[in-house]
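Residue-level structural notes
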Amino acid sequence: MPYWLMKSEPDELSIHELQRLGRTRWDGVRNYQARNFMRNMQQGDLFFFYHSSCPEPGIAGIARIDGPAYADPTALDPHSHYFDAKASAEKNPWSALDVAFVEAFERVIPLAELKAQNALLELPLVQKGSRLSVMPVTGAQWAAILAIR
DNA sequence: GCCAACGTTGGC
DNA sequence: GCCAACGTTGGC
């Protein structure tokens, strides 16, 4: 079973909001590489929930993929922040999927700590210039992060 | 708010 | 197909 990491701005959706909801739709991804990873996800896959663009960027918990990717409805909604005028119901290039809460860590593991781990050097999250918002995590990386949680 | 780095767009 | 310009991401 592959592991993943996905970024969310906590103002949009935080791990604690997901905990309250139990389950929600993960949408608004507008990058092809990230979208392709989402299409490769399977029900039951676990991912680290990363808080980005906030006072305390870092990994805040764990959630689970709750079903296969489907067409992202926000791309077709003119009132959505994620509206894409070039998308149509027939040809919608963007994908969303449902996710379920698993665990909120007692602390957010700060980005600086992740960057200091030799075991995570290959993780796109910590690489200079990388802005990828959805990425695979190897079993070894997963274990290394759990070990410092 | 700044700015480095990136992805996308569009003229040629 | 090249590449400059632009908009966005996201840490600091």
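Residue numbers here run from 1 along each chain, matching the order of that chain's written sequence. Starting at A for chains and at 1 for ligands, labels are handed out in the order in which the entities are written. The predicted origin of the model limits local features to residues at a pLDDT of at least 70 and limits the giving and counting of side-chain atom pairs to 80 or more, whereas totals for whole chains, interfaces and linings rest on all residues. The side-chain figures draw on all heavy atoms in the structure; neither hydrogens nor water molecules are used.

1. Notes on the protein's contact with DNA strand C
- Here, proximity means that at least one heavy atom of the residue falls within 4 Å of the molecule or strand. Close to DNA strand C lie K7, Y50, S52, S53, P57, L111, K115 and R131.
- A share of 75% of the atoms of DNA strand C within 4 Å of the protein falls on sugar and phosphate groups.
- Definition of a polar contact: a pair of N or O atoms within 3.5 Å, with one able to donate and the other able to accept a hydrogen when the atoms are protein atoms, and with sequence-neighbouring residues admitted only if both atoms are side-chain atoms. Y50 is positioned such that a nitrogen or oxygen atom in its side chain is 2.7 Å from a phosphate oxygen of DNA strand C.
- A distance of 2.9 Å separates a phosphate oxygen of DNA strand C from a polar backbone atom of S53.
- In the surface near DNA strand C, the residues fall into 3 nonpolar, 2 polar and 3 charged. Gly is placed with the polar residues, together with every amino acid not listed as nonpolar (Ala, Val, Leu, Ile, Met, Phe, Trp, Tyr, Cys and Pro) or charged (Asp, Glu, Lys and Arg).

2. Let's talk about the pairing of strand 3 (residues 46-51)
- Exposure classes here rest on a 1.4 Å probe applied to the protein chains alone. A residue is buried below 20% of its type maximum, exposed above 50%, and partly exposed in between. Helix numbers and strand numbers start at the N terminus; a helix is a DSSP run of H or I with at least 4 residues, a strand a run of E with at least 2. For strand 3, the tally of buried residues reaches 5 of 6 residues, placing the bulk of the element in the interior.
- As paired elements, strand 1 (residues 3-8) and strand 3 share 6 bridges and run parallel to each other. When the sheet's bridge partners are listed, W4 is paired in strand 3 with F47.
- Direction of pairing for strand 3 relative to strand 4 (residues 58-65): antiparallel, over a ladder of 6 bridges. What sits directly across from F48, in strand 4, is I62.
- A pair of strands is treated as paired once DSSP finds two or more bridges between them. Between strand 3 and strand 4, which pair antiparallel one after the other, the connecting turn spans 6 residues, and S53 there sits at a positive phi close to 50°.

3. Points about helix 4 (residues 139-147)
- Buried within helix 4 we find Q141, W142, A144 and I145. Viewed along the axis of helix 4, the buried residues span an arc of 165°, placing them on a single side of the element. Along helix 4, the residues that are exposed and aim more than 90 degrees away from the buried face are A140 and A147.
- Buried-residue contacts for helix 4 involve strand 1, strand 3, strand 4, strand 6 (95-110), helix 3 (111-115) and strand 7 (134-137). Within this analysis, the arc is defined by the directions that extend from the helix axis to the C-beta atoms. Any pair of residues with heavy atoms lying within 4.5 Å of one another is described as a contacting pair.

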